[in-house]
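# An overview of the molecular structure
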Amino acid sequence: MDPFVFAAVLFAAACHAGWNALIKFGLEPFTTTALIAVASAIVAAPFAPFVGIPPPIAWPWVIASVILHLGYYIGLTEAYRTGDLGQVYPIARGSAPLMTAVVSTSLLGDALGVAGWLGIIVLAGGIFLMSLRGGRNIAKLDKRAVRFALFTAVTICGYSVVDGTGARLAGNAHAYAVWLFLCDGLLMATFAYLRRGPGVVVDMARYWKSGLIGGMLSLAAYWIAIWAMTVAPIAIVAVLRETSVLFGAAIAVVFLNEPLRATRIAAAVMIVFGLALIRLQ
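Residues numbered from 1 in each chain as written. Predicted model: local features only at pLDDT ≥ 70, side-chain atom pairs only at ≥ 80, totals over all residues. Heavy atoms only, no water.

Helices and strands together make up the secondary structure of the chain, namely 13 helices and zero strands. Walking the chain from its N terminus toward its C terminus, one meets helices and strands in the order α-α-α-α-α-α-α-α-α-α-α-α-α. By residue count, 54% of the 281 residues in the chain fall in the buried class. Long-range pairs, those at least 24 residues apart, make up 88% of the contacts in the chain with a sequence separation of at least 6. (Helix = DSSP H or I, 4+ residues; strand = E, 2+ residues; numbered from the N terminus. Buried < 20%, exposed > 50% of the residue type's maximum accessible area, 1.4 Å probe, protein only. Contact = heavy atoms within 4.5 Å.)

Ranked by size, the top nonpolar core spans 71 residues in total, and within it Tyr176, Tyr222 and Ile226 carry the most contacts. Per-element tally for this core: the top contributor is helix α8 (residues 173–196), with nine residues. (Core = buried A, V, L, I, M, F, W, Y, C linked by side-chain atoms within 4.5 Å.)

On to the environment of Phe4, then. In this fold, Phe4 is placed in helix α1 (residues 3–22). Given a relative accessible area of 57%, Phe4 falls into the exposed group. Remark: the alpha-carbon pair of Phe4 and Ala228, spanning 224 residues in sequence, is separated by 10.0 Å.

Right, let's talk about empty space enclosed by the protein for a bit. As enumerated under the stated definition, the model contains one cavity of 30 Å³ or more in all. Approximately 120 Å³ is the volume attributed to the largest cavity. What lines the largest cavity is simply His16, Trp19, His69, Tyr72, Tyr73, Tyr159, Leu180, Phe181, Asp184, Ser218, Tyr222 and Arg241. Looking at the lining of the largest cavity, the elements with two or more residues in it are α1, α4 (59–82), α8 and α10 (208–229). Here the residues of the lining of the largest cavity sort into seven nonpolar, three polar and two charged. (1 Å grid on protein atoms, 1.4 Å probe; cavity = no way out; pocket = protein on both sides within 12 Å on 5 of 7 lines; lining within 4 Å. Points joined across faces, edges and corners; volume = space filled by probe spheres on them. Nonpolar A, V, L, I, M, F, W, Y, C, P; charged D, E, K, R; others polar.)

Here we come to a nonpolar patch on the surface. Among the surface-exposed residues, Trp208, Leu212, Ile213 and Met216 lie close enough to one another that they form a single nonpolar patch of about 390 Å² accessible area. In this structure, Trp208 sits in helix α10. (Patch = residues over 30% accessible without salt bridge, like charges linked within 9 Å, V, L, I, M, F, W, Y side chains within 5 Å. Areas by Shrake-Rupley, 256 points an atom, 1.4 Å probe, with all protein chains shown as cover. Salt bridge = Lys/Arg side-chain N within 4 Å of Asp/Glu carboxyl O.)

The subject of this paragraph is the pattern of salt bridges. One pass over the full model with this rule turns up two salt bridges. We note a salt bridge from Glu78 to Arg195, for which the minimum N-O separation is 3.3 Å. One end of the pair, Glu78, is in helix α4; the other, Arg195, is in helix α8, and 117 residues separate them in sequence. Given a relative accessible area of 10%, Glu78 falls into the buried group.

The next thing to look at is the packing of helix α2 (residues 29–44) against helix α9 (residues 199–206). Axis separation between α2 and α9 bottoms out at 10 Å; the angle between their running directions is 70°. For the element pair α2 / α9, the angle class is roughly perpendicular. On α9, the residues that touch Thr31, Ala34 and Leu35 of α2 are Val200, Asp203 and Met204. By residue class, the composition of the contact of α2 with α9 is four nonpolar, one polar and one charged. (Axes fitted to C-alpha atoms, helices over the stretch in contact; angles between N-to-C directions. Parallel < 35°, antiparallel > 145°, perpendicular 65-115°, else oblique.)

Summary statistics for the chain give a mean pLDDT of 83 and a share of 87% for residues scoring 70 or more. Across residues 134–139 the pLDDT falls below 50, and counting only partners more than four positions away or on other chains, this stretch makes 13 contacts in the model. (pLDDT = per-residue confidence, 0-100.)

Moving on, we get to the packing of helix α7 (residues 143–170) against α10. One can describe the packing of α7 onto α10 by two numbers: an axis separation of 8 Å at closest approach and a directional angle of 65°. Crossing handedness for the pair α7 and α10: right-handed. In this structure, α7 uses Tyr159, Ser160, Asp163, Gly164, Ala167 and Arg168 to contact α10, whose residues at the interface are Tyr222, Ile226 and Met229. A class-by-class count of the residues in the contact of α7 with α10 yields five nonpolar, two polar and two charged. (Left-handed = near helix turned anticlockwise from the far one by under 90°.)

Position of His69 among the secondary structure elements: in helix α4. When residues no more than four places from it in sequence are discounted, the contact partners of His69 are Tyr159, Asp163, Leu180, Asp184 and Tyr222.

Tallied over the entire structure, the rule returns six aromatic pairs. Taken together, a centroid distance of 5.2 Å and an interplanar angle of 90° make the contact between Phe47 and Trp223 edge-to-face. Within this pair, whereas Phe47 is found in the loop between α2 and α3 (48–51), its partner Trp223 is found in helix α10, the two being separated by 176 residues in sequence. The exposure class of Phe47 is partly exposed, given its relative accessible area of 36%. Centre to centre, the rings of Tyr72 and Tyr73 are 5.6 Å apart; their planes meet at 50°, and the pair counts as tilted. (Phe/Tyr/Trp six-rings, centres within 6.5 Å; stacked < 30°, edge-to-face > 60°.)

Within the element layout of this structure, Thr155 appears in helix α7. Under the relative-accessibility criterion, Thr155 is labelled buried at 5%. Within polar-contact distance, the side chain of Thr155 engages the backbone oxygen of Thr152 at 2.6 Å. If sequence neighbours within four positions are ignored, Thr155 has contacts with Leu68, Gly71 and Tyr72. (Polar contact = N/O pair within 3.5 Å; in protein donor to acceptor, adjacent residues only side chain to side chain.)

Right, here's the structure in full:
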């Protein structure tokens, strides 16, 4: 992988952890997530005239991705209702790279060498280790949070493969990304209104500044990832994005007062080692 692409995806990972942390502030989790999705669409809208419209061949992939993203938002916010950020985030993001690697190499023919596979396995292992004692009750994981986190992982795998394929077929990653965010924001706004009623508009308006920040972070994080998946193997980009758990863990400890334990430190070392192996790919 080109060093610039490598660094860009790591920057995207930091942005992704940032907007996920915002879900824990202010509003009810689903409303916050909907606000961020809508804000992402608003931020993306000015770019639409400059990037163009994706060709017809890409639109079925855009639609599929929007549906998968809706499932992702629902699963993630339901997991956050009972689980800590430091538990839910690693499980949701940690399972996905293994799933994505298997699917992308099997169906899309993306080649991974020994170092790539080993790096993915080590990094995913570190992510799971980081989640072992991340819940409110250190004696056990919150089962409901774990179930929704794993469901979220399936949707992450799905939209990663769909968007990587769709952006490649579109021949223009920027057009694909912008219109994906526009459609995603429209669907989330509609779904939130139907689910929460007119009051959701008032709730969102109170936190528009936080929503705008989250929207910018979310847009930057995934726009970069979509572009990277057109110039590098989808599995490698997907797993590099999961280094966001390091940023997520730091946010959880520093700002959310979640505990820092030896297991999390050991997990961080594993993640960095896996990252080094992937860089050798």
